[in-house]
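What the coordinates show
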Amino acid sequence: MVVEDNNNRSAPVVYGHKQSTVVPAHVTGEVNHDLTNMDLAMKLHYLRGVYYFKKSGIVDSLTVFKMKEPMFFWLDMYYQISGRIRRPEEAGSQPFVKCNDCGVRIVEAKCNVTLDEWLGDKELLSRWKYLVPSKVLGPQLFFSPLTYVQFTKFTCGGLAIGLSWSHVIGDPQTAVSCFNKWSQLLQDIKAPCKPIPPNKLENNNISSPCDVAPSSVKEVELPGDIWVLPSDSKLETIGNHSEGNCNSTMATYSFQIKDQMIKQLQSGSSQVGDFEIISALLWKNIAKVREGKELNTVTICKNNPARSNKNLSNEQSISSVKIDSAVTKLDLSELAMAISKHATNETHVVEAFVGGENGFKDLVVYGANLTFVDMLDLDLYGLMLKDQKPANVEYAIDGVGEEGAVLIMQGNENDAKLAVVVLPENELQKVREVLDSSVLSIN
């Protein structure tokens, strides 16, 4: 069996897929988890994360059965992700999660190359998509799992664990914390698992509805009850019902940038952080590729330091940055300073707009403008198999609009950061060429 990748060349094969379902160890009962306005603003987006583990005695000893065993108790705690979306009968009412213990979908698979070969293939775009199910919610929402976990074994004995997470139930901080809890239970299955309380709308402070769109989002019209960007919609029949698949023309490329290089980029502008200077570097280079097209507004998504105690929620901050001058003419320090000092927080405006006076709207956040996502403070390497840390962790986003997105996170080395770039396929190669030139020039 041979497949072709984005560049029409032979790509590694992931095969032998087997599916099963894990449910909470105990019956949850009649519980509903309400979705907030911000949850619904993010409903067309999906987080896809992959954790890579090298062959070891620990990895050899962990069968899929042993890795699934603590999931039953994990879902006692996070029973919401085992539920399904429901729409109220009353017109204009918000969808919610019916906590009915339908389960998390588990996929087992094999790969025909070694882990080192997989990670070393720099030309394989969107490599995560082979290791994470690219499922979306709908068109039959009451059948669609909110979460998938895929275990993929490499020929060398290495292991990839893929997480597919519907953004409607929580932001990146929520997803990472939730998945890390599973690994803690893998180390100690008897660890306490206090159930996360369900969200209730009466406990949320929702802004007054408005119908004036903030610059950080874009309204779209969905073709039926499938929660995915219209241009990305494709249905795949499985069993007796249909599940949505992302069939996007967007592609993903990731690269690491050393802290030493980041310090060189920051020279003369000590007031900006790593996220801001890396974002400025990519903003300027993407603008070069889009010559003749204005790229003066970008969206910034960051973890909210003043989070509530809710464990399943979308509480990231959403801001926009506008530049009057041509982006390609500005120094990196000027762009980085604009991101750091002149971002306009639009979080509450987005919440008010999605639940506007004329009813709920379907929005695109990532990719409505070129979007930069700060994941630097997330504990990506906190997911461990017993005492073994992952050799590499990558996160990407599915359902990104055509303007693209960049995720910036901790690299697999203590002295490096990882940038994951999601752009239209026809732009990505050009950006790589421009970026290589600019990075090499300061190396």
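A brief report on the enclosed structure follows. In this text the structure is predicted, and so the values were computed from the model without any measurement.

1. A look at the overall build of the protein
When you go through the protein residue by residue, the secondary structure sums to eleven helices and 25 strands. Residues classed as buried in the protein amount to 59% of the 443 residues present. Within the protein, contacts between residues at least 6 apart in sequence are counted, and of these 78% link residues at least 24 apart. If you sum the accessible surface of the protein, you get close to 18,500 Å²; carbon and sulfur atoms cover 48% of it.

2. Quick notes on the environment of cysteine 102
Structurally, the position occupied by cysteine 102 is in the loop between β7 (96–98) and β8 (104–111). Judged by its relative accessible area of 34%, cysteine 102 is partly exposed. Remark: the alpha-carbon pair of cysteine 102 and serine 82, spanning 20 residues in sequence, is separated by 5.7 Å. Aside from chain neighbours lying at most four places away, what touches cysteine 102 is Thr21, Val23, Ser82 and Arg84.

3. Quick look at a nonpolar patch on the surface
On the surface, a cluster of nonpolar side chains totalling about 270 Å² of accessible area is made up of Val23, Phe72, Phe73 and Ile189. Considering the arrangement of structural elements, one finds isoleucine 189 in the loop between α6 (172–187) and β12 (218–220). Judged by relative accessible area, which is 33%, isoleucine 189 ranks as partly exposed.

4. Considerations on the pairing of strand β17 (residues 317–322)
Of all six residues in β17, five are buried, a share of seventy percent or more. Strand direction decides the pairing type here: strand β16 (residues 297–302) and β17, joined by six bridges, are antiparallel. Bridge pairing links threonine 299 to serine 320 in β17.

Scoring rules and cut-offs
Residues numbered from 1 in each chain as written. Predicted model: local features only at pLDDT ≥ 70, side-chain atom pairs only at ≥ 80, totals over all residues. Heavy atoms only, no water. Helix = DSSP H or I, 4+ residues; strand = E, 2+ residues; numbered from the N terminus. Buried < 20%, exposed > 50% of the residue type's maximum accessible area, 1.4 Å probe, protein only. Contact = heavy atoms within 4.5 Å. Areas by Shrake-Rupley, 256 points an atom, 1.4 Å probe, with all protein chains shown as cover. Patch = residues over 30% accessible without salt bridge, like charges linked within 9 Å, V, L, I, M, F, W, Y side chains within 5 Å. Salt bridge = Lys/Arg side-chain N within 4 Å of Asp/Glu carboxyl O. Pairing = 2+ DSSP bridges.

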